[in-house]
Amino acid sequence: MTFRHGFLYGTAAGLTAALVIALIAFFVTDPVPAVSAGGQTRSPAAPSAGAGLPVGIDVKARHRGSLKVEVTARVSTKTYDPLSRAGVVMYADMVAMPMAHRLGPIPMKEVAGKPGQYAAEAQVPMAGEYDIQISVQRPLPGEAHTRLDVGAG
Ligand SMILES: [Cu+2]
């Protein structure tokens, strides 16, 4: 490698590092919390999923056909241990029609042999995109959301 190439590579690497630092500074110092495009305006005080909460919630939702929605939530403590015998409920609300036909609270049952894993099924009234909300009520509070496209058929 010639000196010239080495110089160019060095400059490029330096610029990249500067850009990365600038980007990090931009995000770290941003005083306005990012608001999701969906606009979670009905619960402005609720913290965003996961951040700073005493419980961790990993939500998965899928459409099983015929407007049946299957939801599972893995609930864990701050130290990633499965949280057993928790009180967990779910809600399903259509994104395009907030509160028009919201379902819930639907109790979620802990799956046998899978500590900390909770499951529930819901039958939504029409096809569309749904916000699935998981609320852990005890022993510690927690909330998480996921989006699910429920197609016709
Ligand atoms: Cu609807």
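For the structure, check the block above.
Every residue gets a number counted from 1 within its own chain, in the order that chain's sequence is written. This being a predicted model, a pLDDT of at least 70 is required before a residue's local features are given, and a value of 80 or more before pairs of side-chain atoms are given or counted; all residues contribute to the totals for chains, interfaces and linings. Side-chain metrics rest on all non-hydrogen atoms present in the structure, leaving aside hydrogens and water.

Here the focus is the overall build of the protein chain. On a plain count of helices and strands, the protein chain comes out with 1 helix and 8 strands. Comment: elements are numbered from the N terminus, with helices defined as DSSP H or I runs of at least four residues and strands as E runs of at least two. Going from the N terminus to the C terminus, the protein chain shows its helices and strands as α-β-β-β-β-β-β-β-β. Each residue's exposure class comes from its accessible area (1.4 Å probe, protein chains only) as a fraction of the maximum for that residue type: buried when under 20%, exposed when over 50%, partly exposed otherwise. The buried share of the protein chain, taken over its 153 residues, is 27%. Total accessible area on the protein chain is roughly 9900 Å²; 63% of this is exposed by carbon and sulfur atoms. The Shrake-Rupley method, run with a 1.4 Å probe sphere, supplies the accessible areas, and residue values consider only the shown protein chains as cover.

Another aspect to go through is the sheet that holds strand 2 (residues 68-77). Think of it this way: DSSP has to see at least two bridges between two strands before they count as a pair. Spatially, 4 strands are ordered 1-2-6-5 in an open sheet, and the strand pairing comes out antiparallel. A strand with exactly one partner marks an edge of an open sheet, and here the two such strands are strand 1 (55-65) and strand 5 (109-110). Direction of pairing for strand 5 relative to strand 6 (residues 117-123): antiparallel, over a ladder of 2 bridges. Each bridged residue has a counterpart across the sheet, and for glutamate 110 the counterpart in strand 6 is tyrosine 118.

Within the secondary structure, serine 135 sits in strand 7 (residues 128-138). Between N or O atoms, a polar contact is any pair within 3.5 Å; within protein, one atom must be a potential hydrogen donor and the other a potential acceptor, and residues adjacent in sequence are included only when both atoms are from side chains. Among the polar contacts listed, one links the side chain of serine 135 to the side chain of glutamine 133, at a separation of 2.9 Å.

Each salt bridge in this description consists of a side-chain nitrogen of Lys or Arg and a carboxyl oxygen of Asp or Glu lying within 4 Å of one another. Within this structure, the stated rule accounts for 7 salt bridges. A salt bridge links aspartate 58 to lysine 60; the nearest nitrogen and oxygen atoms lie 3.3 Å apart. Note that glutamate 70 and arginine 64 form a salt bridge whose closest N and O atoms lie 3.2 Å from each other. Look at glutamate 70 and you get partly exposed, because its relative accessible area is 22%. Judged by relative accessible area, which is 48%, arginine 64 ranks as partly exposed. In this structure, a network of salt bridges that share partners links the residues Arg62, Arg64, Glu70 and Glu121.

The pairing of strand 1 with strand 2 spans 10 bridges and is classified as antiparallel. Looking across to strand 2, one finds that valine 55 is bridged to threonine 77. The hairpin formed by strand 1 and strand 2 contains 2 residues between the paired strands, and serine 66 there has a positive phi angle of roughly 55 degrees.

Bringing the sheet that holds strand 8 (residues 142-150) into the picture now. The 4 strands are arranged 4-3-7-8 in an open sheet whose pairing can be described as antiparallel. Two strands lie at the open edges of the sheet, namely strand 4 (103-107) and strand 8, each paired on one side alone. Going across the sheet, the axis of each strand differs from the next one's by a mean of 20 degrees, ignoring polarity. For strand 3 (residues 87-94) and strand 4, the ladder comprises 3 bridges, and the chain directions are antiparallel. Across the sheet, residue methionine 90 finds its bridge partner in strand 4, namely isoleucine 106. Axis definition: a line fit to C-alpha positions, over the contact stretch in the case of helices; interaxial angles, taken between N-to-C directions, run 0 to 180 degrees.

What follows deals with the coordination of the copper ion. Donors, by definition, are the N, O and S atoms found within 2.8 Å of a metal, the threshold being 3.2 Å for Na, K and Ca, and water is not counted, so a site can look incomplete. The protein atoms donating to the copper ion are Met94 (SD), Met97 (SD), His101 (NE2) and Met126 (SD), with metal-donor distances spanning 2.0 to 2.4 Å. Under the classification used here, a metal with four donors is tetrahedral if each angle lies between 85 and 135 degrees, square planar if opposite donors are over 155 degrees apart and the others between 65 and 115, a six-donor metal meeting that same test is octahedral, and anything else is irregular. The site at the copper ion holds 4 donor atoms, and with the angles between them running 100 to 130 degrees, its shape is tetrahedral.

This paragraph deals with the pairing of strand 6. When strand 2 meets strand 6, the two strands line up antiparallel, connected through 7 bridges. Bridge pairing links arginine 74 to glutamine 117 in strand 6. What sits between strand 5 and strand 6 in their antiparallel hairpin is a turn of 6 residues, with glycine 113 showing a positive phi close to 80 degrees.

Everything listed is a geometric property; what it means functionally is a separate question.
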